[in-house]
Every structure is written in C-alpha cells, then in structure tokens.
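Observations on chain architecture
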Amino acid sequence: MSTGYVRANLFHNLSFSSRTLCNTWLQCLFVQEETIRETIEDAGFVASVIKDEVIEGSTQICRMGIRGMTCTSCSSTVESVLRGLNGVRKAQVALATEEAEILYDPSLINYKKLLEAVEDTGFEAILVSTGEDRSKVQLKVDGIRSDVSNNVQQSLQALPGVQCVEIDKMLEKVSIAYNPDITGPRNFIEVIGSSNGSFEAKLYPDGGGREFRRKEEIEQYYRSFLWSLVFTIPVFLTSMVFMYTPGIRHGLDAKVINMLTIGEVLRWALSTPVQFIIGRRFYTGSYKALRHGSANMDVLITLGTNAAYFYSVYSLFRAATSQNFKGSDFFETSSMLISFILLGKYLEILAKGKTSEAIAKLMDLAPETATLLVYNDEGIVVSEQEIDSRLIQKNDVLKVVPGAKVACDGFVIWGQSHVNESMITGESRPAAKREGDMVIGGTVNENGVLHIKAARIGSESALSQIVHLVESAQMAKAPAQKLADKISRFFVPLVIALSFSTWLAWFFAGKLNGYPKSWIPSSMDSFELALQFGISVMVIACPCALGLATPTAVMVGTGVGASQGVLIKGGQALESAHKVYLS
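Just so it is clear, the structure is predicted and the values come from calculations on it, not from any experiment. All chains use their own residue numbering, which begins from 1 and follows the written sequence. Reporting of local features is limited, given that this is a predicted model, to residues whose pLDDT is at least 70; pairs of side-chain atoms are given and counted only at 80 or more, and all residues count toward the totals for whole chains, interfaces and linings. Hydrogens and waters are ignored; side-chain quantities use all the structure's heavy atoms.

Attention now moves to the confidence of the model for the protein chain. Averaged over all residues, the pLDDT of the protein chain is 80; the fraction at 70 or higher stands at 83%. You can read pLDDT as the predictor saying how much it trusts each residue, on a scale of 0 to 100. Residues are treated as being in contact if the distance between any of their heavy atoms lies within 4.5 Å. Per-residue pLDDT stays below 50 along residues 1–22; that stretch engages in 45 contacts with residues further than four places along the chain or on separate chains. Of the regions scoring below 50 in pLDDT, residues 52–57 engages in 7 contacts with residues more than four places distant in sequence or in other chains.

This paragraph deals with the sheet that holds strand β9 (residues 173–178). Consider a sheet: its strands pair through backbone hydrogen bonds, and that pairing is either parallel or antiparallel. Overall, antiparallel pairing links the 4 strands, which are arranged β8-β9-β7-β10 in an open sheet. Strands at the two margins of the open sheet, each flanked by one partner only, are β8 (162–168) and β10 (200–203). Taken pair by pair, the neighbouring strands of this sheet meet at an average axis angle of 25°, ignoring direction. Pairing geometry for strand β7 (residues 136–142) and β9, over 5 bridges, is antiparallel. Each bridged residue has a counterpart across the sheet, and for K140 the counterpart in β9 is K173. Its contacts with the sheet place helix α6 (residues 185–194) against β7, β8, β9 and β10, and it is angled at close to 25° to β7. In this description, strands pair whenever DSSP reports at least two bridges between them. Think of it this way: any DSSP run of H or I at least four residues long counts as a helix, any run of E at least two long counts as a strand, and we number them from the N terminus. Angles here are taken between N-to-C directions and fall from 0 to 180 degrees, while the axes themselves are lines fitted to C-alpha atoms, restricted in helices to the stretch in contact.

Opposite charge on two side chains permits pairing when their charged atoms draw close. Any carboxyl oxygen of Asp or Glu within 4 Å of a side-chain nitrogen of Lys or Arg constitutes a salt bridge here. Scanning the model with the defined rule gives 12 salt bridges in all. For the salt bridge of R63 with E99, the shortest nitrogen-to-oxygen distance reads 2.8 Å. Of the two residues, R63 sits in strand β3 (residues 60–67) while E99 sits in strand β5 (residues 99–104), which places them 36 residues apart along the sequence. Side by side, R63 and E99 carry an identical accessibility label, which is buried. By sharing partners, the salt bridges in this structure join R63, E99 and E101 into a single network. Using a 1.4 Å probe on the protein chains alone, a residue whose accessible area is under 20% of its type maximum counts as buried, one over 50% counts as exposed, and one in between counts as partly exposed.

Residues grouped as a nonpolar core are buried Ala, Val, Leu, Ile, Met, Phe, Trp, Tyr and Cys residues, joined through side-chain atoms within 4.5 Å. With 42 residues, the main nonpolar core has M64, I66, L82, I102 and L114 as its most contacted residues. One finds L156, V165, I167 and F199 within the second-largest nonpolar core, a separate group that totals 19 residues.

Only Phe, Tyr and Trp rings take part, Trp by its six-membered ring, and two of them pair if their centres are within 6.5 Å. Stacked means planes under 30 degrees apart, edge-to-face means over 60, and tilted covers everything else. One pass over the full model with this rule turns up 20 aromatic pairs. Where W503 meets F507, the ring centres are 5.6 Å apart and the plane angle is 10°; that geometry is what we call stacked. With W503 and F507 both in helix α16 (residues 479–511) and 4 residues apart, this pair spans about one turn of that helix. Relative to F508, the ring of F507 lies with its centre 5.5 Å away and its plane at 65°, an arrangement referred to as edge-to-face. With relative accessibility at 17%, the residue F507 sits in the buried group. Since its relative accessible area comes to 46%, F508 is described here as partly exposed. Through successive ring pairs, a cluster of aromatic residues spans Y311, Y314, F330, F500, W503, F507, F508 and F527. We count a charge as sitting over a ring when the NZ of a lysine or the CZ of an arginine lies within 6 Å of the ring centre and within 35 degrees of the ring normal. Its end group placed over the ring of Y221, R281 keeps NZ or CZ at 4.3 Å from the ring centre.

Pasting the structure below:
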C-alpha cells in the first residue's frame, strides 16, 4: 500500500469530535487511504489524498544515543557534522534526550558511517534503531561457539523469510532480520534449540536502551561526586576551618622547606586526584570540543579550575624555594568547583531522566505476556500457551479474557465484548467489539472472551507508532530553542573574553590604586584578588540552562500530553498554543 496523507478542509461543523479524528488516525493502520477520505467526507468535510513527497524506500531513519554531550555547543557540533555528510537529508540532535534522529539515503550512506562520523567528533554513539531493522530480533544463545555457530547460521538462513543473520560470539547474541509476513521469532528459537540439541535461545535483554544508559550515567556521576567529597572536604577544612583553630593551625603552619607549610602540601596532595582523576571527564570533553574548533562548558570548567590549581602549584614552589615569600593557594577553589559541578551534573541527569517517564508509561500499556491458541489441522483449539508478548507473530490467534490487556493490534475472529480504549483514543465509553472488528494493543477487555488474530506487531503497532510520534516531537526544536542554540554557540567564547577582561581590569586597578588596599584580604595580593574574580566569572557562567530549559519543557509537555491522550507534534505546536483563544 502506498503511503499518503489525508488533507481535510473544515468548512463547517467545528464541534466535530477530536475522538473521531483520533479514531480515524488509528484506522489508517488498517484501511486504504481512499476509505479514510470517504469517511471524512461522509462526516461533512472536504478531503483529498496527498501522496507522500518522499519516495517510498528511498530514505531511512536512524536513531542513535550520543553520550558525552554537555551543552548546546556539543549538540550543535554533532548536528553540523551529520548534516554535512553526503546522503543525509535531515539531522536533529536533542541535548535533553541525548539522541539524534537522521533521515538518510541508504544508497549513498549507511548507518555505520553515521555512527563513525559521531565517534570521530569525539562522542560515544550507540545505535538505537534504523530503518533496516523494523523487523529485526536479537536473541541470546547461551554457549554458542565458533565451531558450531556456522551450523546455527545456516539453519536460520534456510528458513523462508529470513533476510540476514549476524552472530556475535563474544556477546552470545544472534541478530536476525526477517519478513514478518512469513516467519517470526518463535520459529528462530525453535530452530536454534534443535541445532545440535544443546542451545537455548531467548530474547536478548534490552541492555542498550535509553533508561539503562541513563541509570548507568547517573551511577557514574554519583560515584564521582562521592569520591570528590572524600578529597574535597579535607581540603576545605584545612583551608577554611582549621586555619582558625589555634591548636590545629599551629601544626598546619609548620614549615617543611623554607616557607612551604604542611597545610599547603596536604591541600596539594588532596586536590590533585580531584583535578586530574575525578575531573578527567572535563579534560576529555574540552579536548574533543577544541579539536573540532568549538568551545563548550567543559572548556570553561577546565580553564577555571586549571587557573586556580596551577597558580597554587606556582605559589607552592615559590614558597619552597624562597626564604621570605608568603603567598596563598587556591587548591580548595579548584577541588570545590569540580565537586559542585559534579553535583550539578548529577541533579541535571536526574531531572532529564524524569522527563521520559511519560514515554515509559506509554510503553507499559502493552502487556508483558499473551495467551496463544494452538490449533490442529482441523482448526480446533488443542492447547493454550502463555508467551512473551514480544514473541507474537503475524496471524497468531490470541485469547483475551475479561480484565486482560490486548497484546497487539488485530481483528476479532470469535467472541464479543466491550473494550476500554480510553488510553489510546480518549473515549471513556467502552467500545463494543464483535467478529471482524479491530482491536488495539494496550487496550483493556471489559467483559467476554475474545479471540483475536494478530495483524500488526512490534514497531508496526498503533502504540509503538504513538511512542515514536512522541519521541519525534521531543526531537523537534521549537523556535525559541533554535534562538537559544544560536546564542549558546557564541556564549562560551564571550564568557572567556569577559573573564580575561575582568582579571585585567582588577589587576590594573590594583596596580594603579584604583580601589582601597583594605579590599585585599591579608592572605592575598592584587594579582591573586584579580585572578579570583576572573575565575569566578568563568565558572559560574554556564550555558546549560539556556540550552536545556526549552527542550526539557517540550519533553515534559509532549510526554504528559501523550499520557492524557493528547498527541502534540513538537515544540512549535506548543509555542503556538498561546495564540489559541477559547470562547
């Protein structure tokens, strides 16, 4: 069936129910576009079919997760690199979701080249999905070895409908691309189990999903923050608290070499692991950004903390080689800055993780298991099997008892009941279902037993397409976000220039007696005071809020709307909603 859009010109009947429109959209999954057009015209509208401008099969969509982006400068760099590739029609990179969606021509470029381009930019790219794997399943096969993997591969390739088989022996993973109209995952598990009789296959656990990566990143930042506290708290105490405690201060001020004190050596030893081991991620991010001619938040953090750390090291060596030098160090500044930034990153990732809860709730609408009916050659039901809902194949007949969820989209072939479709269509009144009627996966059977024939499974189901629509809407940038991204592109260089100007202004003001000497703390000179002001400007100016505020709001709005039965197609629709007046 060729794809197309139905355009409806609304001349009258403005009170036409939105639920009817939603139901019409859902029926697009099962009927021809001409039938949809006729239905809309019967409702009192003028409709015409508009063929899709994109030639079917000429483009594919690749979605990938990108780890390591810290601000909009990072996402803009990745986006520009992807758009510059030959064969890429469109590329969108979302900082809030840490994902990219690329529309590309498979005859000119493949998804592996896209992943390599992102990796070359300095970020970690993780494939989420491609247009090539809409009908692809991954199985975990325990104990598969190189000497028998060829037999398994040949057995699978011999099955009708199997298009490609890839085996990763290290991960014990078998990836199979297939035609869902001919075969399915249960057939693959059966074939693998019968190969040499020693293998057990099951669905590969979804360890590469967005939520798994998010939890892993949260744990990494949490551990880094705790380790930074282990070193930073003693640095803070020796520089800010113990120096005013008479007994302890005397011990910290004891000289080691010339004017070098025990307190300075302790602070140096404790702050070094924070600066170069715990804070290594900021050096890595800065190098990746500068290598591609851009500056991000990591550059600001690295410059600020390095200025404080290396000036302190300079002061420390001057004290060790001089009989009368009496300077001060900023080791507590560098270590405390890194600790606070890690805490901020940890809280930021927690907040971003909550924005995807609505999508997770949508995914949870689908049941985990389904009851499969097994027929004999005479068409009589001989047994029932409870299977994982991901193992459902096209044309399977499933039994849905009262109170159970419908496992997939399909048609009723036996029985009658009422089905609650409010979670999909918004209609609060249960819909009557009898033989020949369609049912939607994720809806709830109210009364009566139904036998349904699976028609659309996996990514083809209505629920999966709603989730995909919401995810695509979250990727789309609102006009306000595009303006914020343009500002963020020049934000970091501007902050560096302002920071350097602040240091120069205070330094020359001190040299020219532009402010009272009483403003300078007893442990500092005019150079150190100016340096502290310059570092403050550099590290507190963070473009993260500017780049994350709008996409986070869009994610929350589209996600919550979808959970309430309202589908919002991107940030532009949300931004334009203030122009709507309700009378």
